[in-house]
Protein chains: 2
Amino acid sequence: MLSTTPRTTLGRSKERGSTDRDDLYEVLDSGLICHLGVIVNGHPMVVPTGYGRIGETLYLHGSTGASSLRAGEGTDVCVTVTHLDGIVLARSIFHHSVNYRSAIVYGRARLVTDEDERMEGLRALAERLAPGQWDYVRKPNRKELAATAVLALPLDEASVKVRRGGPVDEEEDYDLPVWAGVLPLVTSWGEPEPDSVLPEGIGAPVHILHRE
Amino acid sequence: MLSTTPRTTLGRSKERGSTDRDDLYEVLDSGLICHLGVIVNGHPMVVPTGYGRIGETLYLHGSTGASSLRAGEGTDVCVTVTHLDGIVLARSIFHHSVNYRSAIVYGRARLVTDEDERMEGLRALAERLAPGQWDYVRKPNRKELAATAVLALPLDEASVKVRRGGPVDEEEDYDLPVWAGVLPLVTSWGEPEPDSVLPEGIGAPVHILHRE
């Protein structure tokens, strides 16, 4: 079960909320990027960035020089992952909606200093974005590791919202001669595009060719 | 040209930045949802939400009871729109990246009170998410309008970042017997799914069937 705190208790659309930890993991583990919210000089700042998960910890990374990461270290952050699954077309504009799955994680990010945890965090990040690549390509060297900051965020405080299904209209609008339903949004992988300087004879590995 | 302020001046990857207003509009006008960052009780909060644009103003909306909107009214917010176009697979983990187009808008949101501007803002929101629907379905009535808050955010302070193309590897890594390139991420519309209670004989309109 996910903990319930004032900021994870949904004020609206309570029927869309989930307190199931498996739902949280499902949303996080099927995303590619998150939107990281931090406060910089008193203002909110939202940046898209990669992430990875190991058990109950979310890992983020960035250049040691990135202002968003510097702002996030040791302070409260918010990480949001959103999957947009379709547009819900109702019989009135007011009831138009979207089908989506989203997770919002709140917490204090910790700068990871343990070298083993740093490496495992980076591996989790790489596996989320490009599964199979960690074992296939050159791993980070000492210089690259020194340039990379890794942050850990505990998955203690989070909320999950899911909307599925067709429109819900006002009773009197069902008689309108108007089409209603869902226009699904489909995300898929295209054909791998080889680097222009790739030598002949090097084919894309199976984990790229047949990525799910 | 976009204004340059400390928070829109890119600290890193300057070659990815754009100060062209057309690039900003292109990113905003091809997105479906944004991630809205606000400060709630001193903590950052990032929520996915719809938006629309008219000229140099971005419009957001929500229930008059939504805490994210209440927090955003009259205070600084950050609106980020991100398109993920592909995964960049390099010869080293460190140089893995993503191809993307993103816009980050900073500003003070204004609660729209003028009824004409509210209606136009809502129309812009609807046209972004579901073009053609505003003129096709029932428009908002007085009760629905009263339940909807509309916020306006000037597009005065914004940054745009775009990454395209293949991996950029370390000189010595180009000799590795490793495939490198880009795995494109493709987003497309699926087949419209009619509402289960839709009467026979009502077909989906052209703007749904042939949405770009």
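Residues numbered from 1 in each chain as written. Chains lettered and ligands numbered in written order. Predicted model: local features only at pLDDT ≥ 70, side-chain atom pairs only at ≥ 80, totals over all residues. Heavy atoms only, no water.

Caption draft 1: The packing of aromatic side chains, seen in detail. Scanning the entire structure with this criterion turns up zero aromatic pairs over all chains. A cation over an aromatic ring shows up here: R53(A) above the ring of Y25(A), its NZ or CZ 3.7 Å from the ring centre. (Phe/Tyr/Trp six-rings, centres within 6.5 Å; stacked < 30°, edge-to-face > 60°. Lys NZ or Arg CZ within 6 Å of the ring centre and 35° of its normal.)

Caption draft 2: Fine view of the relation of the copies chain B and chain A. Mapping chain B onto chain A is achieved by rotating through 180 degrees and translating by 0.0 Å along the same axis, at an RMSD of 0.0 Å. What the rotation and shift describe, once combined, is the action of a two-fold rotation axis. Closest to the rotation axis within chain B is the C-alpha of T187(B), separated from it by 2.2 Å. (Least-squares fit on C-alpha atoms with pLDDT ≥ 70 in both.)

Caption draft 3: Quick peek at the sheet that holds strand β4 (residues 52-54) of chain B. All names here are of chain B. Taken in spatial order, the four strands of this open sheet run β4-β5-β9-β8, and their pairing is antiparallel. The outermost strands of the open sheet, each flanked by one partner alone, are β4 and β8 (110-111). Pairing between β4 and strand β5 (residues 57-63): three bridges, direction antiparallel. Residue pairing for β5: G52 is matched across the bridge by Y59. Packed on one face of the sheet, helix α3 (residues 115-129) meets β4, β5, β8 and β9 (148-154) and runs near 125 degrees to β4. (Pairing = 2+ DSSP bridges. Helix = DSSP H or I, 4+ residues; strand = E, 2+ residues; numbered from the N terminus. Contact = heavy atoms within 4.5 Å. Axes fitted to C-alpha atoms, helices over the stretch in contact; angles between N-to-C directions.)

Caption draft 4: A look at the environment of A158(A). Within the element layout of this structure, A158(A) appears in strand β10 (residues 157-163). Measuring from C-alpha to C-alpha, the distance between A158(A) and T80(A) comes to 9.5 Å, with 78 residues separating the pair along the chain.

Caption draft 5: Local environment of the interface of chain B and chain A. Taken together, the contact between chain B and chain A spans 81 residues of the former and 81 residues of the latter. For the chain B and chain A pair, buried surface summed over both sides reaches about 6900 Å², with 70% attributable to carbon and sulfur atoms. It is P44(B), I93(B) and W179(B) in chain B that bury the most area against chain A; as a group they hold 11% of the surface buried on that side. Run the count over chain B and chain A and you get four salt bridges. The shortest N-O distance in the salt bridge between R138(B) and D173(A) comes to 2.8 Å. Across the contact surface, chain B and chain A share 27 residue pairs in polar contact (both at pLDDT 80 or more). Within the residue set of the side of chain B that touches chain A, elements represented by two or more residues are β2 (34-40), β3 (43-49), β6 (76-89), β7 (97-108), α3, β11 (181-189) and β12 (193-194) of chain B. Bridging between strand β12 (residues 193-194) of chain A and β11(B) involves two bridges; their strand directions are antiparallel. (Buried area = accessible area lost by both parts, 1.4 Å probe. Salt bridge = Lys/Arg side-chain N within 4 Å of Asp/Glu carboxyl O. Polar contact = N/O pair within 3.5 Å; in protein donor to acceptor, adjacent residues only side chain to side chain.)

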